[in-house]
Each structure stands twice: as C-alpha cells, then as structure tokens.
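# Chain and residue survey
The residues making up each chain are set out below.
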Amino acid sequence: MIQVNNLQKSFQGKKALDGVNMSVGKGDIYGLVGPNGAGKSTLIRHLVGVYRQDAGEVFIDGQPVFENVETKAKIAYIPDDFFYFGQADTMEMMRYYKGIYPTFDEKCFYHMQEFFPSIDVKSDIRRLSKGMQKQVAFWLSICCKPELLILDEPVDGLDPVMRRQVWAFLISEVADRQMTVLVSSHNLRELEDVCDHVGFMNQGKVIVERSLSDLQGNVSKIQVACEIGMPKVPETYKVLHMSNIGRVYTIIARGNPNEVARAITKDNDNNVIVDILPLTLEEIFIYEMGGVDYEVKDILF
C-alpha cells in the first residue's frame, strides 16, 4: 500500500529525511516510532501529499501522491494538532467531508453517533475539549472509508474507555475492508497491542523495519542467576545491555531467546539458572536505538 524509496527532504540546508526506505502492505497496522526530531512528521506529510520531495519516490497503492487527487481521496489523516473551520460544528464538518470524499458513508456516520454520546453535534468543535475533538476526528475519518488511515499520536487525550473503543473500530475496519493503518506514536505499549509491523526511525532514516513477531524473536531478554561472577555470553550473540542486582543478571542480547538461553547454560557449565523474560516493544526500541543516538542507562526491570 505504501512504498517509499530513497526519500530525501531538506529545510534551509538541513536534512530532515536522508534516504528513507519504507514498505507497508495492504491491511497492515504499521507502527512508526522514533525519538523527537527523527523525521516522522516530515515523512507523514510526504505520505499525505503535503510536501514535495527533493529526491526519491513516494507511492500510495502504486501511484505517486503529490498533487494526485485520486490517490489523496483514498487517504484519511488525523494529525496530532488537527484543524477545524472556525465556528463549524460536527454536522457541518460531516457535510464538508461528504463533499470531498466520494466514499463517505453518511449511514455509518449516524450509526456511529451512539458510540460518541458525549459529543454535542450542534456545538462548535473548537469549544469541545481536546479529547472530544479527537473523537470527532476519528468519527469523521472512519466514515470516509479510507483505504489508508494515517494517525499521528492518535489516542493522546482520550480516556481509557474511548481509547479501547477507537482501537476496536480501527481493527474492525482493517479486518472487514483490509484498510491499511500507519500509526506514529510514543506510546509503545499501546502499539504493541495493535501493530503487526514496526519501523524505527532516527536521523531521517528508517533504520529497522520488521514484523513485531520478528523483532520479538530476534532480541532476547534473559535473566541469569550465578553462584560466582558474571555469566559468560557466547560471542555469537551480541549483548546490547547487561545489568544486575546481586547475583541475578538481566541480559539483553541479539538472537532467538531459546537459542541464547541454551547457549548461556552450556557456556557456563550448567552452573547457572536461566529464565527467558518477555520483551516489550519499548525495551526493543531502547536497545535498538542504544547504539545510534541514545545513552542507554541501567534500568531495573
């Protein structure tokens, strides 16, 4: 659905995107993560056709997106800082969306109204709370029936019940229509629950792009209890981080968790107790980025 090849963009001589390559399949929920200033928002503005690239290619469903009305009609975008016309209420914005999206489903709009009972559809949207404004954005965007939905910090400001409801709507649309979703967020715990692919971005490049299952299967978190000294880890498995509390060591290493655990047990002559611990997306992010820009400090797990 999304194909980005060697995308480059500079502002006043400073590179914001430095050869981005990214691929998102149809029906995927793709999490785009990275530190502040990595280039995520600049990349998204290219994906929705706001920016023209200096070099490289951006394709949505096989077509270039910049100044392409037909391609843009397939995309809905909810930015972190969204915009509504002054004094416009939800009903007026619904009619506006209906006018620019040929796929807008008015029947769906009225059906979904029961799921947003706190929204006064006759009240100026700008007078609503930030959380309610975001609910309106989701409501309208889902009714556009887009083929691609792009979200920037999507559930920031929503209460836990509404967050769950919004994700349920999106997952349902993905299952029913093969809608593709790209999510940029700092809430890695939430992305872990919904994404099937993840891209790590830093310094204007996507440095890691894999399925979530591959990521979790190629980085290990092993806890080792030793009688004496520090456990030996075979050089085959690169240690990204090691910390300890007394004789119990927590090791983050590259490699399949079961293989790393067997290798540590064998290399230490079975004089250790080895446990495999679950590894979160947040931990993977910290240690994947650790060798790039981040000073990884000891963290007690």
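Residues numbered from 1 in each chain as written. Predicted model: local features only at pLDDT ≥ 70, side-chain atom pairs only at ≥ 80, totals over all residues. Heavy atoms only, no water.

### As for the overall build of the protein chain
- For the protein chain, the count of helices and strands is ten helices and 14 strands.
- Along the longest, intermediate and shortest principal axes, the C-alpha atoms of the protein chain span 70 × 45 × 35 Å.
- Put simply, the protein chain has 301 residues, and 49% of those count as buried.
- Relative to all contacts within the protein chain whose residues are 6 or more apart in sequence, the contacts with residues 24 or more apart total 66%.
- In the protein chain, the 32 positive side-chain charges and the 41 negative ones have mean positions that sit 3 Å from each other. (Helix = DSSP H or I, 4+ residues; strand = E, 2+ residues; numbered from the N terminus. Buried < 20%, exposed > 50% of the residue type's maximum accessible area, 1.4 Å probe, protein only. Contact = heavy atoms within 4.5 Å. Lys, Arg positive; Asp, Glu negative; His and termini not counted. Charge placed at Lys NZ, Arg CZ, Asp CG, Glu CD.)

### Describing the pairing of strand β3 (residues 29-33)
- With five of its five residues buried, β3 lies for the most part within the structure.
- Residues Ile29, Gly31 and Val33 line one face of β3 and the alternating positions Tyr30 and Leu32 line the opposite face, and both faces are buried.
- Across four bridges, β3 lies against strand β8 (residues 180-184) in parallel orientation. Each residue of the ladder has a partner; that of glycine 31, found in β8, is valine 183.
- In this sheet, strand β9 (residues 197-202) lies alongside β3 in parallel orientation, the contact comprising four bridges. Residue glycine 31 lies in a different strand from β9, and its bridge partner there is valine 198. (Pairing = 2+ DSSP bridges.)

### With respect to the packing of helix α3 (residues 90-100) against helix α5 (residues 130-143)
- Two numbers describe how α3 lies on α5: the axes approach to 10 Å, and their chain directions differ by 30 degrees. Classified by the angle between their axes, α3 and α5 sit roughly parallel to one another. In this structure, the crossing between α3 and α5 has a hand that is right-handed. For the pair α3 and α5, contact is made by Thr90, Met93, Met94 and Tyr97 and by Val136, Trp139 and Leu140, respectively. (Axes fitted to C-alpha atoms, helices over the stretch in contact; angles between N-to-C directions. Parallel < 35°, antiparallel > 145°, perpendicular 65-115°, else oblique. Left-handed = near helix turned anticlockwise from the far one by under 90°.)

### Section: unusual backbone geometry
- Backbone geometry at aspartate 61 places phi at a positive 55 degrees, although glycine is not the residue there.
- Tracing the sequence through the fold places aspartate 61 in the loop between β4 (55-60) and β5 (63-64).
- Residue aspartate 61 is classed as partly exposed on the basis of its relative accessible area, which comes to 36%.
- Backbone geometry at glutamine 178 places phi at a positive 60 degrees, although glycine is not the residue there.

### A short note on the sheet that holds β8
- Taken in spatial order, the six strands of this open sheet run β6-β7-β8-β3-β9-β10, and their pairing is mixed. Edge positions in the open sheet fall to β6 (75-78) and β10 (205-211), since each of these has one partner strand only. Direction aside, the axes of adjacent strands within the sheet are offset by 15 degrees on average.
- Across the sheet, α5 touches β6 and β7 (148-152), and the angle it forms with β6 is around 175 degrees.

### Observations concerning helix α9 (residues 257-267)
- Among the residues of α9, those classed as buried are Pro257, Val260, Ala261, Ala263 and Ile264. For α9, the angular spread of buried residues about the axis comes to 165 degrees, placing them on one side. In α9, the exposed residues that point more than 90 degrees away from the buried face are Arg262 and Lys266.
- Where the residues of α9 are buried, they touch α8 (212-218), β11 (219-226), β13 (248-254) and β14 (272-276). (Arc of directions from axis to C-beta.)

### Thoughts on the sheet that holds β5
- Read from one edge of the open sheet, four strands run β2-β1-β4-β5, paired in antiparallel fashion. A strand with exactly one partner marks an edge of an open sheet, and here the two such strands are β2 (14-24) and β5.
- Pairing analysis gives five bridges linking strand β1 (residues 2-11) to β4, with the strands arranged antiparallel. Residue pairing for β4: glutamine 8 is matched across the bridge by alanine 55.

### Remarks on the confidence of the model for the protein chain
- Counting all residues, the mean pLDDT for the protein chain is 87, and 95% of those residues have values of 70 or more.
- Taken as a whole, residues 291-301 scores under 50 in pLDDT and shows 24 contacts with residues more than four places along the chain or in a different chain. (pLDDT = per-residue confidence, 0-100.)

### Focus: the environment of glutamate 67
- As for its position among the elements, glutamate 67 is in the loop between β5 and α2 (69-72).
- A residue is classified by how much of its surface remains accessible, and glutamate 67, at 62% relative accessible area, is exposed.
- For the pair glutamate 67 and valine 48, spaced 19 residues apart in sequence, the C-alpha separation works out to 9.9 Å.
- Not counting residues within four places of it along the chain, the set of residues in contact with glutamate 67 comprises Arg52 and Lys72.

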